[in-house]
Amino acid sequence: MPSPSTHTVAGTTLTMPVQVRDARCIVAGFTADADAMARTIAASGASPLRPLRIRPGRGMVMLVFVDYVDGDLGPYNEFGVCLLVGDRERRGASIVSNLRDLAAGRARALVHRLPVDGEFTLAAGRGIWGFPKTLADFDVDHRSATKRGVVSEGGQMIAALTVRPGIKVPDSG
């Protein structure tokens, strides 16, 4: 068995895969215009990908606030804007087959934006995985019945999200 790969970030050696031992998240998903999503994907340079259409002319976008409480990258907050995508080779895939892929966990996400509040995770995310991480400020409430998150940069709000309890999703715990 090959030895695990390592990366050194800001003087700290990380062994792959990094571990996340405790985290909380707030997630909201909604449909968006698939043509607008395709333009965003093309502008990002991820041209082999296309929006995963789940309704006629509509793809899916996910907004995610994550509070990494305990992990190898330390504690930090993150806000992700993710577009569900598929391969160009499956361009003619039907909505039904795309929904099957989604239900079976075969859908993939293009991380379009990824503000964080930690210098170390910023450096690790950009340097190891090439994630589009930027530094931002967070005001997030993961504990109340109605979850709330606000992310801002340079005093300008990027996004605000309030989510009431919805469909429970099984976890691995």
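Residues numbered from 1 in each chain as written. Predicted model: local features only at pLDDT ≥ 70, side-chain atom pairs only at ≥ 80, totals over all residues. Heavy atoms only, no water.

Colleague: Break down the packing of aromatic side chains for me, with residues and values.
Modeller: Per the counting criterion, the structure on display carries four aromatic pairs. Seen from their ring centres, Phe65 and Phe79 are 4.7 Å apart, and the 45° between their planes marks the pair as tilted. A residue pair is termed long-range when its members are at least 10 positions apart, and Phe65 in strand S5 (residues 58-71) and Phe79 in strand S6 (residues 76-87) qualify at 14 residues. For Phe65, a relative accessible area of 1% translates into the label buried. Look at Trp129 and Phe131: their rings are 6.3 Å apart centre to centre, the planes differ by 35°, and that puts the pair in the tilted class. Using a relative accessible area of 32% as the deciding quantity, one classes Phe131 as partly exposed. An aromatic cluster is defined as three or more aromatic residues linked by ring pairs; in this entry it consists of Phe65, Phe79 and Phe138. (Phe/Tyr/Trp six-rings, centres within 6.5 Å; stacked < 30°, edge-to-face > 60°. Helix = DSSP H or I, 4+ residues; strand = E, 2+ residues; numbered from the N terminus. Buried < 20%, exposed > 50% of the residue type's maximum accessible area, 1.4 Å probe, protein only.)

Colleague: Let's hear about helix H2 (residues 95-103): which residues, and what values?
Modeller: Among the residues of H2, those classed as buried are Ser97, Asn98 and Asp101. One side of H2 carries all its buried residues, which in axial view fall inside an arc of 100°. Opposite the packed face of H2, turned more than 90 degrees from it, sit the exposed residues Arg100 and Ala103. Where H2 is buried, its residues meet strand S4 (49-51). Residue Gly105 follows H2 closely and has a positive phi angle near 80°. (Arc of directions from axis to C-beta. Contact = heavy atoms within 4.5 Å.)

Colleague: How would you summarise the sheet that holds strand S10 (residues 147-153) if you had to cite specific residues and measurements?
Modeller: Taken in spatial order, the three strands of this open sheet run S9-S10-S11, and their pairing is antiparallel. The sheet is open, and its two borders are formed by strand S9 (137-141) and strand S11 (156-163), each paired with just one other strand. Adjacent strand axes in the sheet meet at a mean angle of 5°, parallel and antiparallel pairs treated alike. As paired strands, S9 and S10 are joined by five bridges and run antiparallel to one another. Directly across from Val140, in S10, lies its bridge partner Gly149. (Pairing = 2+ DSSP bridges. Axes fitted to C-alpha atoms, helices over the stretch in contact; angles between N-to-C directions.)

Colleague: Can you break down the pattern of salt bridges residue by residue, with the values?
Modeller: Under the counting rule described, the total for this entry stands at seven salt bridges. The partner of Asp70 in a salt bridge is Arg21, with the nearest N and O atoms 3.2 Å apart. In this pair, Asp70 is assigned in strand S5 and Arg21 in strand S3 (residues 20-33), connecting sequence segments 49 residues apart. Residue class for Asp70 comes out partly exposed when judged on its relative accessible area of 34%. Here Arg21 and Asp72 are joined by a salt bridge, their closest N and O atoms 2.9 Å apart. Within this pair, whereas Arg21 is found in strand S3, its partner Asp72 is found in the loop between S5 and S6, the two being separated by 51 residues in sequence. The class of Asp72 is partly exposed, set by a relative accessible area of 29%. (Salt bridge = Lys/Arg side-chain N within 4 Å of Asp/Glu carboxyl O.)

These results come straight from atomic positions and should not be treated as a statement about function.
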